[in-house]
Each structure stands twice: as structure tokens, then as C-alpha cells.
Amino acid sequence: MKLYNFVIKLLKAPIKFLLRVKVIDERTNKDTDSKFIICANHLSNWDPILTIVCTELPINFMAKESLFKVPIIKDVISRFGAFPVSRSGQDLAAIKKSIEIIENGGCFSLFPQGKRLHVEPKPEQAKKGVGFICAKSGAGVLPVGIYTKNYRIRPFRKIIVRIGDIIPAKEIDFGEDGRDFQLASEKIFEKICFLARPDEE
């Protein structure tokens, strides 16, 4: 953890400079004692590091399993909280691991869209995985919106990272039967879509 914190502090300034990151923290309550998942829209491979640097929280995250077949990369990303997920279908091992992290008091980052999309984020793009994990772990959600021109991150192109209030687990809508994970994911992502808007200034 000491190495993790040191490296993040070391990278924070150059990343914010290179990517012209502006953080807009709209949280009215920064109490992070409760269990929660960090969820953001997904534009690029920079997104995991952006969520770490901008929220300043130690975060675990899923990474495509092919990266874990490259020796040096595998060691580096593993030390920084990454674990593999299969893109071929529902990866039960990855879901189980994410729930385990949350239940053990860890922080976990997830992108509801499931893949990078260079378009305006919309609620219907969300996959049901976020809702499922929230239901099984009893976690709330810290929503983060990422915006940049044309939804494509480029060096020195301004990026807005807007952080909202934690959505408590009890406020997540799972439908009438309490098992509509797709509905829950879309309701969560609706808040993220609102945060992923251009700077108002």
C-alpha cells in the first residue's frame, strides 16, 4: 500500500498536466466508511488511472485477461489492484473476486458500459453487472463522470472528471421484485451520464 500511495502521488501532477484534467468534486458528503463501488463511463485505457488520481482512493479494478499473459505488465498491474476478467462472456470468478474485495472493506472500480465507447453516455448502455454486484455485496456507488471533446482522450485535450455523492445501497432501484439488475445498472448509470457533461464555465 505504501508503494501504491507513493506511485499515485508521483503520477498525479504529470497526469493532470498531460491530460489537462479538471476535477469537479460535487460531493456534499465525503464520508467513505460505507461500502461502495466507484463507477464511471468508459472512454479509454486512461480511465482506471483517472479514477484513482481524481478520487485519491486506493482502487481495485478489472483488466482484460490478455494483459495478465505479459510477464512485466502482469506484475505491475497486479501490484496496483488489477485482476483478470474474460471478455468472452460473464466471468463468475471476476464477479466473485469483486464482491470479495468489497466485503473485505476494499474499494472497487467498475465501468458499467463494459467496454470503451467514444459516444455520449446514455443509461441504456449500462450492463447488468453493476446492479448484480451491488445487490450481492450490499454496496453503494460513487458515481464519476468523464468528459472530453468528441469523447476521445488526447494529450493536452481538456478532460473534465466530475465526482458525485455516493448513492447509498438502500437507494438503488432493483424493481418491484428486487432482482432487476439491469434496471439498477441503468438507474446508476443515469447519474453518471449527468456527471459526464461539459464544463459549465
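For the structure itself, look to the data block above.
Predicted model, so just to flag it, every value in this text is computed and none were measured. (Residues numbered from 1 in each chain as written. Predicted model: local features only at pLDDT ≥ 70, side-chain atom pairs only at ≥ 80, totals over all residues. Heavy atoms only, no water.)

Caption draft 1: Quick peek at the nonpolar core. The biggest cluster of nonpolar side chains holds 34 residues, and the ones touching the most others in it are Ile38 and Ile159. If you list the elements that add at least two residues to this core, you get helix H1 (2-18), strand S1 (21-25), strand S2 (36-40), helix H2 (47-55), strand S3 (60-64), strand S6 (140-148) and strand S7 (159-163). Residue contributions to this core peak at 5 residues, all from H2. The residues touching Ile38, leaving out its near neighbours within four places in the chain, are Thr55, Leu57, Ile59, Cys107, Phe108, Ser109, Leu110, Leu142 and Val144. Ranked by size, the runner-up nonpolar core spans 26 residues in total, among them Ile99, Ile101, Phe108 and Ile172. (Core = buried A, V, L, I, M, F, W, Y, C linked by side-chain atoms within 4.5 Å. Buried < 20%, exposed > 50% of the residue type's maximum accessible area, 1.4 Å probe, protein only. Helix = DSSP H or I, 4+ residues; strand = E, 2+ residues; numbered from the N terminus. Contact = heavy atoms within 4.5 Å.)

Caption draft 2: Just the state of the cysteines, in detail. Counting across every chain of the model gives 0 disulfides. This cysteine, Cys134, is not joined by any disulfide, and Cys39 carries the nearest cysteine sulfur, 6.1 Å off. Judged by its relative accessible area of 3%, Cys134 is buried. (Disulfide = S-S within 2.5 Å.)

Caption draft 3: Quick look at unusual backbone geometry. Phi at Asn150 is positive, roughly 60 degrees, even though this residue is not glycine. Examined against the element boundaries, Asn150 turns out to sit in the loop between S6 and S7. The phi dihedral of Phe156 is positive, around 70 degrees, even though this residue is not glycine. Following the sequence through the fold, Phe156 ends up in the loop between S6 and S7.

Caption draft 4: Spotlight on helix H4 (residues 92-103). Taking 1.5 Å per residue, 12 residues should reach 16 Å; H4 reaches 16 Å between its end C-alpha atoms and fits that length. Regarding H4, the residues found buried are Ala94, Ile95, Ser98, Ile99, Ile101 and Ile102. In a view along the axis of H4, the buried residues occupy a sector of 155 degrees, so they form one face of it. With respect to the buried face of H4, the exposed residues turned more than 90 degrees away are Leu92, Ala93 and Lys96. (Expected span 1.5 Å × (residues − 1). Arc of directions from axis to C-beta.)

Caption draft 5: Broad picture of the pattern of salt bridges. This structure, assessed with the given rule, holds 4 salt bridges. Each of Glu26, Arg162 and Arg197 takes part in salt bridges that share partners, so that together they form one network. (Salt bridge = Lys/Arg side-chain N within 4 Å of Asp/Glu carboxyl O.)

Caption draft 6: Main features of the packing of H4 against helix H5 (residues 129-137). Two numbers describe how H4 lies on H5: the axes approach to 10 Å, and their chain directions differ by 45 degrees. In this view, H4 runs oblique relative to H5, as classed from their interaxial angle. In this structure, H4 meets H5 at a crossing whose hand is right-handed. The segment H4 lies against H5, with Ile95, Ser98, Ile99, Ile102 and Glu103 engaging Phe132, Ile133, Lys136 and Ser137. Residues belonging to the contact of H4 with H5 are distributed by class as follows: 5 nonpolar, 2 polar and 2 charged. (Axes fitted to C-alpha atoms, helices over the stretch in contact; angles between N-to-C directions. Parallel < 35°, antiparallel > 145°, perpendicular 65-115°, else oblique. Left-handed = near helix turned anticlockwise from the far one by under 90°. Nonpolar A, V, L, I, M, F, W, Y, C, P; charged D, E, K, R; others polar.)

Caption draft 7: Main features of the packing of aromatic side chains. Following the criterion strictly, the structure yields 4 aromatic pairs and no others. Taken together, a centroid distance of 5.3 Å and an interplanar angle of 90 degrees make the contact between Phe132 and Phe181 edge-to-face. Remark: Phe181 occurs in helix H6 (residues 181-195) and Phe132 occurs in helix H5; sequence separation between them is 49 residues. On the accessibility criterion, Phe181 (11% relative accessible area) is buried. With centroids separated by 6.5 Å and ring planes inclined at 80 degrees, the aromatic side chains of Phe174 and Phe181 adopt a geometry described as edge-to-face. Taken as a pair, Phe174 and Phe181 share a single burial class, namely buried. The structure contains a cluster of three or more aromatic residues connected by ring pairs, namely Phe132, Phe174 and Phe181. Across from the ring centre of Phe194, 4.2 Å away, lies the NZ or CZ of Arg197, which sits over that ring. (Phe/Tyr/Trp six-rings, centres within 6.5 Å; stacked < 30°, edge-to-face > 60°. Lys NZ or Arg CZ within 6 Å of the ring centre and 35° of its normal.)

Caption draft 8: Structural detail: H2. Of all 9 residues in H2, 9 are buried; the element is thus mostly enclosed. Every buried residue of H2 is accounted for by Asp47, Pro48, Ile49, Leu50, Thr51, Ile52, Val53, Cys54 and Thr55.

Caption draft 9: Fine view of the packing of H5 against H6. It is the contact of H5 with H6, at a shortest axis distance of 7 Å, that shows an interaxial angle of 105 degrees. Judged by the angle between their axes, H5 and H6 are roughly perpendicular. Contacts between H5 and H6 involve Gly129, Val130, Gly131, Phe132, Cys134 and Ala135 from the former and Phe181, Ala184, Ser185 and Ile188 from the latter. Class assignment for the residues of the contact of H5 with H6 results in 7 nonpolar, 3 polar and no charged.

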